[in-house]
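Structural overview for review
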Amino acid sequence: MSPKRRLTLLASLTAATALASPCLSAHAAGTDPWVRAWGENAQGQLGNGSLLPQQTPAAVTGITRDDVREMSGGGGGAGTAANAFAVALLKDGTVKSWGSNTTGQLGNGTTTAQSFPATVAGLSGVSEVSAGLNHVLAVKGGRILAWGSNASKQLGTGQDTTNPYKNPIPVQSLDKVKDVGAGCDFSVALRQDGTVWTWGKGDNGRLGTGNNTTRETPQKVPDLADVESIAVGCDHVLALTADGTVKSWGKGAEGQLGNDSTIDSNKPVDVAYLDAVARIFATSASGFAVLDDGSVAGWGKNTDRQLGDGTNANRTTPVVLDALQGVQSIAGGADFTLAALDDGSVIGWGANGAAQLGDGSTTTPTTTTTALPPGSGITHLTTTMTGKSGFAY
């Protein structure tokens, strides 16, 4: 048997074992090498070769944690509107994709879904990747490639009306790009000079350019400088500046801007009561910040207790989450949140009706619950943008 075929067979057997034995998948994670996924799977977004939902973390076929530089989940929804998918950037600079493909978001030249990872042909040398609601952005040599839906000009192709793009194409104008973030029908880029550029759908002010106009090409966000990192939700954006403060813009109805308001903002505003911020994370409609002292604060949508503050009230300003310590990564979908801790474990909170917390049940917990135990070797997480699937690597 060839090594390649042996690897594929081993991955399939590992995934099948995880499906058949919920307890085994959680405790085996520290000793096996695979990326893990759980929750909804109707579009094959868990990448294990099936369309069955998964209540515990199961292996993603053929992708080891050591091979992955970055993963990003995209899409979500339910019924005929469901379009969940995922992409993985490997350390060799290639990209794999799987799941729904209704808008060409897998970048494989078709609109046919696939329930297992496959390489995006002709794409190499990639340094960053981000999946949005229905499109993907990738950085290669400081420039951006994009694919998927272009219905709201989120691919940045100018006046070209082609839709969708089923293969990667260049975004106009930008170079020296450090990072990218794909949201719901819009795109964000952070350049090496600390400026932020946006394009695509302008509703709710999500482009941060002072109006709600849809843009066909990248535009610089005014009055914003020295940005070190960005985090993009469905309809809002967070930006961490060099002085440790956080800016936000876009939709504010659930408090996700953190500025003590529920009003949209089409230009950057300050997230209140935050300084000395080390890292930021945006979930679908919430925000989280890890401070220099290791403490965590959250704000935004909380109707399903996805902030983890013990209430179900939306928060318009950051609230300190005393129960969270040692957080390495945070990700969340429409109604749940996951955190990877420094002991290698993965915990979650919020809704769990689709097993999106990965704890082997569909019961919504009153506090945090465990998807993967300490020693699992997990350092990073992602989820589908507005869906109910989680990924750990």
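In what follows, the accompanying structure is described. (Residues numbered from 1 in each chain as written. Predicted model: local features only at pLDDT ≥ 70, side-chain atom pairs only at ≥ 80, totals over all residues. Heavy atoms only, no water.)

**Some points on the overall build of the chain**
Across its full length, the chain carries two helices and 28 strands. Taken over the C-alpha trace, the chain has a radius of gyration of 19 Å; the compact-globule value for 393 residues is 21 Å, and the two agree within 12%. For the chain, the spread of C-alpha atoms along the three principal axes comes to 60 × 45 × 35 Å. Contacts in the chain between residues at least 24 apart in sequence constitute 50% of all its contacts with a sequence separation of at least 6. If you sum the accessible surface of the chain, you get close to 14,500 Å²; carbon and sulfur atoms cover 49% of it. If you average the places of the 27 positive and of the 33 negative side-chain charges in the chain, the two averages end up 8 Å apart. (Helix = DSSP H or I, 4+ residues; strand = E, 2+ residues; numbered from the N terminus. Rg over C-alpha atoms; globule rule 2.2 N^0.38 Å. Contact = heavy atoms within 4.5 Å. Areas by Shrake-Rupley, 256 points an atom, 1.4 Å probe, with all protein chains shown as cover. Lys, Arg positive; Asp, Glu negative; His and termini not counted. Charge placed at Lys NZ, Arg CZ, Asp CG, Glu CD.)

**Quick look at the sheet that holds strand S26 (residues 369-372)**
Strand order in this open sheet of four strands is S23-S24-S25-S26, and the pairing throughout is antiparallel. Each edge of the open sheet is held by one strand with a lone partner, namely strand S23 (327-332) and S26. Strand after strand, the sheet turns through a mean of 30° between neighbouring axes, direction not considered. Bridge count between strand S25 (residues 346-350) and S26: three bridges; the pairing is antiparallel. (Pairing = 2+ DSSP bridges. Axes fitted to C-alpha atoms, helices over the stretch in contact; angles between N-to-C directions.)

**Re the sheet that holds strand S7 (residues 126-131)**
Ordered by their spatial adjacency, four strands build an open sheet running S7-S8-S9-S10, and the pairing between neighbours is antiparallel. The open sheet has two edge strands, S7 and strand S10 (165-170), and neither has a second partner. Recorded for the sheet is a direction-independent mean angle of 15° between the axes of neighbouring strands.

**Examining unusual backbone geometry**
In this structure, Pro-164 follows Asn-163 across a cis peptide bond, with omega equal to -5°. Relative to the helices and strands, Pro-164 resides in the loop between strand S9 (143-148) and S10. Phi at Asp-260 is positive, roughly 65°, even though this residue is not glycine. Mapped onto the secondary structure, Asp-260 falls in the loop between strand S17 (246-250) and strand S18 (265-270). A residue is classified by how much of its surface remains accessible, and Asp-260, at 52% relative accessible area, is exposed. (Buried < 20%, exposed > 50% of the residue type's maximum accessible area, 1.4 Å probe, protein only.)

**Let's talk about the side chain of Gln-105**
By the secondary structure assignment, Gln-105 is in the loop between strand S5 (95-99) and strand S6 (114-119). Judged by relative accessible area, Gln-105 falls into the buried class, the value being 0%. Here Thr-102 takes part through its backbone nitrogen, which lies 3.3 Å from a polar atom of the side chain of Gln-105. In this structure Gln-105 touches Asn-83, Phe-85, Ser-100, Asn-134, Val-136, Trp-147 and Gly-148, once residues within four positions along its chain are discounted. (Polar contact = N/O pair within 3.5 Å; in protein donor to acceptor, adjacent residues only side chain to side chain.)

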